[in-house]
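Report on the structure
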Amino acid sequence: MTTPDLILETRSLRRRFVTRKPLLGPPVEVRAVDGVDLRIRRGETFAIVGESGCGKSTLARMLVRLIEPSEGTVLFENRNITGLRGEEMRAMRRDLQFIFQDPFASLNPRMTVGALIEEPLRAHGLGGPDERRARVAELLERVGLLPQHADRYPHEFSGGQRQRIGIARALACAPKLVIADEPVSALDVSIQAQVVNLLQDLKDEFALTLIIIAHDLAVIRHMADRVGVMYLGQLVEVADTDTLFTHPRHPYTEALISAIPVPRVGVKPPAHGLQGEPPNPIAPPAGCRFHPRCPYATELCRSTPPPLTRLAAGASVACHHAPDLSLQGLNDTGTGRSPAAERRFALYRAMREQREGQTLPVPPEPEI
Amino acid sequence: MVSGAHMTESTPLLQVTDLSIRFAGVPGNLVDGVSLTLNAGETLCVVGESGCGKSLTALALMGLLPMPPARRMSGQAIFEGQDLFDMPLEALKDIRGNRMAMIFQEPMTSLNPAIKVGEQIAEAVRRHKGVNREQARARALEMLRRVRIPAPEKRLDEYPHQMSGGMRQRAMIAMALANDPALLIADEPTTALDVTVQAQVLDLMRTLQRETNAALIMITHDLGVVAEMADTVVVMYAGRIVEAGPVRKVFEDPQHPYTIGLMSSMPDLGPRGGRLVTIPGVVPPADAMPEGCRFAARCPFAGADCAAAPPLRDLGDRHRVACWRAPLEFGAPDLAAHPAAQGAAS
Ligand SMILES: Nc1ncnc2c1ncn2[C@@H]1O[C@H](COP(=O)(O)OP(=O)(O)OP(=O)(O)O)[C@@H](O)[C@H]1O
Ligand SMILES: Nc1ncnc2c1ncn2[C@@H]1O[C@H](COP(=O)(O)OP(=O)(O)O)[C@@H](O)[C@H]1O
Ligand code: SF4
Ligand code: SF4
Ligand SMILES: [Mg+2]
Ligand SMILES: [Mg+2]
């Protein structure tokens, strides 16, 4: 067995935030990320899922040092980047890019789209003015916009188009790793699909490694090679995507999967959801953090935290009882569409291909 | 009390006919000729991308449209024997929050941040029922219990901001259901929630509906939610109904190119496939509603005849579609031989 080529690793990564400073006593802290060991393989799409507030964004931002860890290290291509400064840090930034959920908030409204996409090229001293302009035009076309859009401002674009601008900007310097925090969550279904396709095409074309955070588990099933499930600041399960969805090993993963509404009539009994609320991250439960909501919890779970344990290459779980549990995942056999629906889908696809050429490129959006 | 006595089995709870809404300064109707029927105890889901007129339709039924700038161009909405669009405001106020109620994506749309949750629910009860303070408070407590808010006695005296998002959503549902409405309209009630909390809220809505036989109109863009909740589905595009029918019909025999495009745009949770087959382009903005079939600019089947608006035809079994080419095998026959169609059909 060969060891996988890791592009990014974290070791015991932690981040605390002070939420309140009382007059007396110590400040109240939330442990947003509490000891995460990630191993991202070169070329894979790795997804991070978990409930709101479990620390996904905090983790993602630490990976590119948009925020600094309280403890632990981030290794990019075997090099500790936590302490990098100045020129070294800038060089590293070229290789690691970030795509935000709300592209509007991350794009300077006073800069033209062309300037926004050119900015990282200029910052890294890549190419002369003409080359850079050509590259901007090329990137705009590649993400399904038009070269003449370079002269417009972000507010003149729709949400989906702004996300394309954010993607073009992230790709400008040909990064090795792109981290996308909920890149399609704010978009409408059809626009979301266009951006999902775009991200997948670009990943292949630019030979990227992609880390994607999404709360839509269907999007993750579609895009990811492997998935890491987070609960209250910690990883509780890592597995390849198909295994995770069909044979979850952690009770929390099982609960997440059972809660997904499946877009087919009558294939799935309605889920009742996890009992209880996500607990307070300021005072996480003792023992296994999931125990107050876990239907399989025992005395051991209430007292002793389960370590993240390796099951197989690229798969781990943090549950005392994982070896004995037989958990329910998605049933892949019963998911077929009706023949009539399948026929219409095929016709639709065929007609689109016929009208737009065989490859179904991302269509440019109409002039606005 | 409202009618009921003279209503027979076959009288629908709500019958909307030809609802059209226009805004000042905008040339086309933003809701155009919408008709729908809903029986007691039934769930109707309205799907479509944002800007397709789903919320406007719901707000119109509740009498909550901002008029002006909005103007109702046509339409009737017979609810329990009365036309909601043709009654004095006072009469509508008696019905609203009582016989019909609405919940929103953002609970703070209906909850007042400055008033304790229990008081708000009690107030909603007192406004419509002749009960005293204690009785109203007891009802509020019962409702919080029914929406399964933990420690309801304590929560009665909490302010909305002291609750989590999922709990506020449930408090809003408790308030909407406090007077046992016959019709609940829910506009994207779970869109902002985690998938686990969404499952709880959907389960709750199903249970309460079973207990009270309320009808539910649920607006969503999640086809998974539709498949789990709906008896009937209405697909809206650019202000018009393009397809409607029993949920099984629409999912297993989808007819309209927009419905098909929506379904194929959503990753389907099956084993990993290739690229998603998308709908090109975007929903037309309010001030540029196209003539003819409004979907034509994005429709791979469009042809010259689509310059005229297709009527909503009934295909039988209450399955309706507005497309000149439905069913597509016959409307686009040359494609049945296309290699892509062959491949996928086998
Ligand atoms: N700057 C900050 N100051 C204080 N607390 C913070 C800060 N940033 C995050 N937190 C807290 O850290 C925890 C994790 O937050 P984070 O944004 O990483 O969650 P998330 O998993 O991305 O959630 P979502 O799905 O809602 O985006 C939360 O409890 C959050 O309130
Ligand atoms: N108050 C308003 N003033 C002007 N236009 C509006 C207003 N509310 C909605 N619209 C327009 O009406 C159309 C339908 O909106 P809406 O019903 O909110 O869509 P949906 O709920 O399907 O996302 C959109 O084009 C929207 O921009
Ligand atoms: S360790 Fe115990 S409480 Fe935690 S997930 Fe496993 S069974 Fe449940
Ligand atoms: S009427 Fe024409 S444009 Fe409209 S959906 Fe049907 S084929 Fe497409
Ligand atoms: Mg986040
Ligand atoms: Mg809406």
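About the criteria used
Residues numbered from 1 in each chain as written. Chains lettered and ligands numbered in written order. Predicted model: local features only at pLDDT ≥ 70, side-chain atom pairs only at ≥ 80, totals over all residues. Heavy atoms only, no water. Domains from an automatic or database assignment. Contact = heavy atoms within 4.5 Å. Buried area = accessible area lost by both parts, 1.4 Å probe. Salt bridge = Lys/Arg side-chain N within 4 Å of Asp/Glu carboxyl O. Polar contact = N/O pair within 3.5 Å; in protein donor to acceptor, adjacent residues only side chain to side chain. Helix = DSSP H or I, 4+ residues; strand = E, 2+ residues; numbered from the N terminus. Axes fitted to C-alpha atoms, helices over the stretch in contact; angles between N-to-C directions. Parallel < 35°, antiparallel > 145°, perpendicular 65-115°, else oblique. Left-handed = near helix turned anticlockwise from the far one by under 90°. Nonpolar A, V, L, I, M, F, W, Y, C, P; charged D, E, K, R; others polar. Core = buried A, V, L, I, M, F, W, Y, C linked by side-chain atoms within 4.5 Å. Buried < 20%, exposed > 50% of the residue type's maximum accessible area, 1.4 Å probe, protein only.

1. As for the domain arrangement of chain A
Size of an interface, as often reported, equals the accessible area lost when the parts are brought together. Residue and element names in this part refer to chain A. Looking at chain A, the domain boundaries give domain 1 (6-21 + 28-224) and domain 2 (231-317). Spacing between the C-alpha centres of domain 1 and domain 2 amounts to 27 Å. Between domain 1 and domain 2, the contact holds 22 residues from the first and 22 residues from the second. Around 1,700 Å² of area is buried between domain 1 and domain 2 when both sides are counted, 59% of it from carbon and sulfur atoms. Looking at the side of domain 1 facing domain 2, the largest losses of area belong to Glu51, Leu217 and Arg221, adding up to 35% of the total buried there. Summed over the shared surface of domain 1 and domain 2, the number is 3 salt bridges. Among the ionic pairs, Glu51 bridges to Arg293, the shortest N-O distance being 3.2 Å. Put simply, domain 1 and domain 2 have 8 residue pairs in polar contact (both at pLDDT 80 or more) between them. Among the elements that line the side of domain 1 that touches domain 2, the one with the most residues is strand β2 (residues 28-36), at 9 residues.

2. Observations regarding the packing of helix α3 (residues 117-128) of chain B against helix α6 (residues 165-177) of chain B
All names here are of chain B. Running from amino to carboxyl end, α3 crosses α6 at an angle of 20°, the nearest separation of the two axes being 8 Å. Comparing their axes, α6 and α3 come out roughly parallel. Considering how the two elements wind past one another, α3 and α6 form a crossing that is right-handed. When α3 is examined against α6, the residues Val117, Gln120, Ile121 and Ala124 are found in contact with a partner set consisting of Ala171, Ala174 and Met175. Of the residues in the contact of α3 with α6, the class split is 6 nonpolar, 1 polar and no charged.

3. Here's the deal with the packing of α6(B) against helix α7 (residues 195-212) of chain B
All names here are of chain B. Packing of α6 against α7 leaves a shortest axis separation of 10 Å and a crossing angle of 15°. With respect to each other, α6 and α7 are oriented roughly parallel. In the packing of α6 onto α7, the handedness of the crossing is right-handed. In this structure, α6 uses Gly166, Arg170, Ile173 and Leu177 to contact α7, whose residues at the interface are Val197, Gln200, Val201, Leu204, Met205 and Leu208. Looking at the contact of α6 with α7 residue by residue, the class counts come to 7 nonpolar, 2 polar and 1 charged.

4. Regarding the nonpolar core
All names here are of chain B. Residues Leu84 and Leu183 are the most contacted members of the largest nonpolar core, which totals 119 residues. With 8 residues, the top contributor of residues to this core is α6. Looking at which domains feed residues into this core, each of domain 1 (3-230) and domain 2 (235-345) gives three or more. Leu84 has contacts with Leu14, Leu61, Ala77, Phe79, Leu92, Ile95 and Met100, leaving out every residue within four places of it along the chain.

5. Comments concerning the domain arrangement of chain B
All names here are of chain B. Split into domains, chain B comes out as domain 1 (3-230) and domain 2 (235-345). For domain 1 and domain 2, the distance between their C-alpha centres works out to 29 Å. Counting residues at the interface gives 26 residues for domain 1 and 21 residues for domain 2. With both sides pooled, the region where domain 1 packs onto domain 2 buries about 1,800 Å², and carbon together with sulfur makes up 63% of that total. Where domain 1 touches domain 2, the interface holds 2 salt bridges. In this structure, the connection of domain 1 to domain 2 is made through 8 residue pairs in polar contact (both at pLDDT 80 or more). Every element with two or more residues in the side of domain 1 that touches domain 2 is listed here: β2 (31-38), β3 (43-47), α1 (54-62) and α8 (223-229). The leading source of residues in the side of domain 1 that touches domain 2 is β2, at 5 residues. For the side of domain 1 that touches domain 2, the class distribution of residues is 13 nonpolar, 8 polar and 5 charged.

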